[in-house]
Amino acid sequence: MADINNIIEYQFTCPAINGLHARPANRLEQIASGYSSQIIIENLQNGKSANARSILSLIAADVKVDDKCLLKITGDDSDLAYKELTQFIEKELPIIDDDAIVESENYNGAYISPVIRNAGVKVYPAKPVTSGFGIGHIVHIDDIKLPETLINSEYLNSQDELALIENAFDHIADSLKAKAATLSLSTVERQILQAHKSIINDSELKDKIKFFIIENKYNAAKAIITAFKYFSEILCKAQSQLIRDRISDLQDIRNQLLNFIYGNQVMTKICLDKPSICVADSMSPSDFISLDKTFLKGLILKEVGPTSHIVILARSCNIPIITDVQYVDFNLPEGQQVIIDSNYGFLLTEINEQVNRFYDREKKKSSFYSSNMAEFISKPATTQDKKTFKVMANIAMASEVETAIENGADGIGLFRTEIMLMGRDCCPAEQELFEEYKKSTVLANGKSVTIRTFDIGGDKNIDFIPIADEKNPTLGYRGVRVYQKHKELLHTQLSAILRASAFGPIQIVIPMVTSYDEVLYVCTILNKVKQELDSNSINYDKDIKLGIMAEVPSVLFIIDQLADLIDFINIGTNDLKQYYFAADRENQQVYSKYPDHHPAFLNLVSRIISEAHNKNLYVCVCGEMANSDQYLPLLIGAGIDSLSVSIPFISRIKAATSLHNSHICYDMLKNIIKCSSIDQVSEILAGYSLYNTEKSIIETELIDLDVDCNNKEEVIKHIVDTLFLDQRTNNYIKLEEDFWKREEIYSTGLGHGFAIPHCKTSHISKNSICVFRLKKPIEWQSIDSEPVNIVIAMTIRENQGAGNAHMNIFSRLARNIVHKSFRNQLKSIEDKTTIVKYLREQLELSG
């Protein structure tokens, strides 16, 4: 620390992995705003200075990781400010952004399906941002337009122009506050509101607008546009994509201010009346929300990053986005029909018959896949040996319950209630909490809702619950540990939950439990609340179930003690893993070294489940591990009673469950727990995928006796799509690429009208043989070669021993094709089942 002429200075190197972008800048601005002293951050790397009370100024300083910086504080409370700010820089800033998306390396271009590559149309590679594809007519969404007469309209006087500005800022601030109090907001919308609140309260922004009005004699419209352009240009020059992503939020607030002051004179609204692909330099969240999703089929944006709010919103609405379109002028003709493909990653500005055929197939595949998943919405998750368990949903607000149930949730396994506390100055009233919990159970329509009591502290800070700075907040004052000091908060929430339980089945789960006494304390408060409700003749579920979150390994050793107090256990795998391995889940340098399939962690999870079942306690597993197809057999083997997953994964997990046998899963888990390394576990999992299901190497689902393909490219695409729809691959694009890598070495046409395309690949879960009979013969090698009308495709999983399996099957096929009787049989058999039986016999296939 240096004190020169009453200036306290502190030099540091920025430790935040993505630099000082919106989130850490917002936190720094909050701290600085609590002091009267002048606080400046200088980026010694580029010479830029920032007012720490202005999030825009901080972001504009373009501080990147490892940049040398200087903190300068001047004023009466500089000592206090210095203490808190240096503590933030040293303790909080290094970890504040570890869970943010790290900027990716340069995009290397798309893999273009040969069907499209050889279609004779222009293909413009692009960077896919959200998945899917869209077909529609170009609609340009220009930046906000103000008539020249308005921009150059008469300057009233500084007092009147400033009054217009102040009223507009106050109105937008009040509007944002009102929206923040709305219970139906999603987590994404709350994040957007927080970003917008930071901008509307930014002192540098207001000062810049006032400067243009007072010094340049600009009217309010011109002052707003000029000021926002000033900051947008600064952010646009930043090297960090995370900082550039905030430009759309700036534009959104600018538009709201102009709309409030000038109303209909501002031309911003876009009306879509047919399937449309919207093109823009960037887009604000408000612009996106205003677009009719019935007609919005996709977005082409010049500027967008993975952390942009527009991306998060588009993904939730299944709207594909591409960016970084190569070699195309953005002056695409208005109304031109185009296709954007955010699965492969390209833009098509020409559409011919072959392109139409390709996307007709893509539509059918998408529809078929949705139908396959829809089949499981109303079904329980059931293994092949008829073991069932529930697949529940994780939610953060009652408005998500309806969507969860529509997507097949068997109930709500984890209702994270602390979202209702965020962005507030005080605790919600009991009635407000009651209405939210009541709404959740009514929407669940008789299915159970498990409500987690407020889990605050650690990385979840609540403004009206001050928690002192801690050296290790993750290991500090959080979860159930907060309850004794904030007894009234717990009392209020439990009362609201109990009252809501009169309207449907509700369970209560306590977070961050480490001891018997913690659970006993909650039980004491719960019983007191029950007595108060009884005395006031208020109905509630007298037998409401109580559970704990198993997030700390010590829980394993007190399950027998807790059994008299609780009814169930929710295993929170994310926290459980970080505490078990002493690996901060916010720090990918260490957390990523301990994957969910680490044998020691699987042993822990298995033992918790076993101990709980010994005490007749129900067990639900939540966390990222529950969302994974890969780890599903491990959890089935451990004997879970239910999973609680993100809503999009519900039907997918149910479908995947049908591929497994619980006895095989159990035996595999026993072997895995004995492993000494993660690599050994990975080998077992890879081998397991070859025998984990009742699916055989050849089945009727892989037979198609009436294939409409015009060329080899369409045939190979048909192969990978068939394997995808039969749940044998989760990455049909990579699988297609693997087929073509083999095909480019030598052609797989064997003569006699037969072709045997094949590959060894890591993108298949089961060795597979597809048999296709084509409607019409196609050229396979060259014009002079014999046309092909029978295709037998082999896909062999690339693992130990796969080479032998691959060559053995291939050689048997080649030997059989030489014989006319074999060829005639495959050409004449009309029944798929008979073909499967015939090939099994001829190729000596056992499974």
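Everything discussed here concerns the structure shown above.
Anyway, here's the lowdown on the structure attached to this text. (Residues numbered from 1 in each chain as written. Predicted model: local features only at pLDDT ≥ 70, side-chain atom pairs only at ≥ 80, totals over all residues. Heavy atoms only, no water.)

### Quick look at the sheet that holds strand E13 (residues 346–348)
Remark on secondary structure: sheet strands pair via backbone hydrogen bonds, oriented parallel or antiparallel.
Item 1. With respect to topology, eight strands assemble into an open sheet ordered E6-E13-E12-E8-E9-E10-E11-E7, the strand pairing being mixed. In the strand order of this sheet, the two ends are held by strand E6 (123–125) and strand E7 (127–130), each with one partner. Across the sheet, the mean angle from the axis of one strand to that of its neighbour is 30 degrees, orientation sign disregarded.
Item 2. Across four bridges, the pairing between strand E8 (residues 133–140) and strand E9 (residues 276–280) is parallel. Following the sheet pairing, histidine 140 is matched in E9 by valine 279. (Pairing = 2+ DSSP bridges. Helix = DSSP H or I, 4+ residues; strand = E, 2+ residues; numbered from the N terminus. Axes fitted to C-alpha atoms, helices over the stretch in contact; angles between N-to-C directions.)

### Remarks on the packing of aromatic side chains
Item 1. The full count for this structure, using the stated rule, is 20 aromatic pairs.
Item 2. Summarising the aromatic geometry, the rings of phenylalanine 724 and tyrosine 732 are spaced 5.1 Å apart at their centres and angled 65 degrees between planes, so their arrangement reads as edge-to-face.
Item 3. An aromatic cluster is present here, built from Tyr111, Phe133, Tyr344, Phe346, Phe358, Tyr359, Tyr369, Phe724 and Tyr732 joined pairwise through their rings.
Item 4. Note that lysine 208 overlies the ring of tyrosine 230, its terminal NZ or CZ placed 4.2 Å from the centroid. (Phe/Tyr/Trp six-rings, centres within 6.5 Å; stacked < 30°, edge-to-face > 60°. Lys NZ or Arg CZ within 6 Å of the ring centre and 35° of its normal.)

### A few points about the environment of alanine 16
Item 1. Relative to the helices and strands, alanine 16 is located in the loop between strand E2 (7–13) and helix H1 (22–32).
Item 2. For alanine 16, a relative accessible area of 0% puts it in the buried group.
Item 3. Separated by 49 residues in sequence, alanine 16 and valine 65 have C-alpha atoms that sit 5.5 Å apart. (Buried < 20%, exposed > 50% of the residue type's maximum accessible area, 1.4 Å probe, protein only.)

### Concerning the nonpolar core
Item 1. By size, the foremost hydrophobic cluster in this structure holds 99 residues, and its most contacted members are Tyr437, Ile569, Ile571 and Leu643.
Item 2. Looking at this core, the element that brings in the most residues is helix H18 (residues 516–535), giving eight residues.
Item 3. When sequence neighbours within four positions are dropped, the list of residues in contact with isoleucine 569 reads Ile548, Ala550, Ile559, Ala612, Leu617, Tyr618, Val619 and Cys620.
Item 4. Listed in part, the 62 residues of the second largest apolar core include Ala32, Ile41, Ala81 and Ile213. (Core = buried A, V, L, I, M, F, W, Y, C linked by side-chain atoms within 4.5 Å. Contact = heavy atoms within 4.5 Å.)

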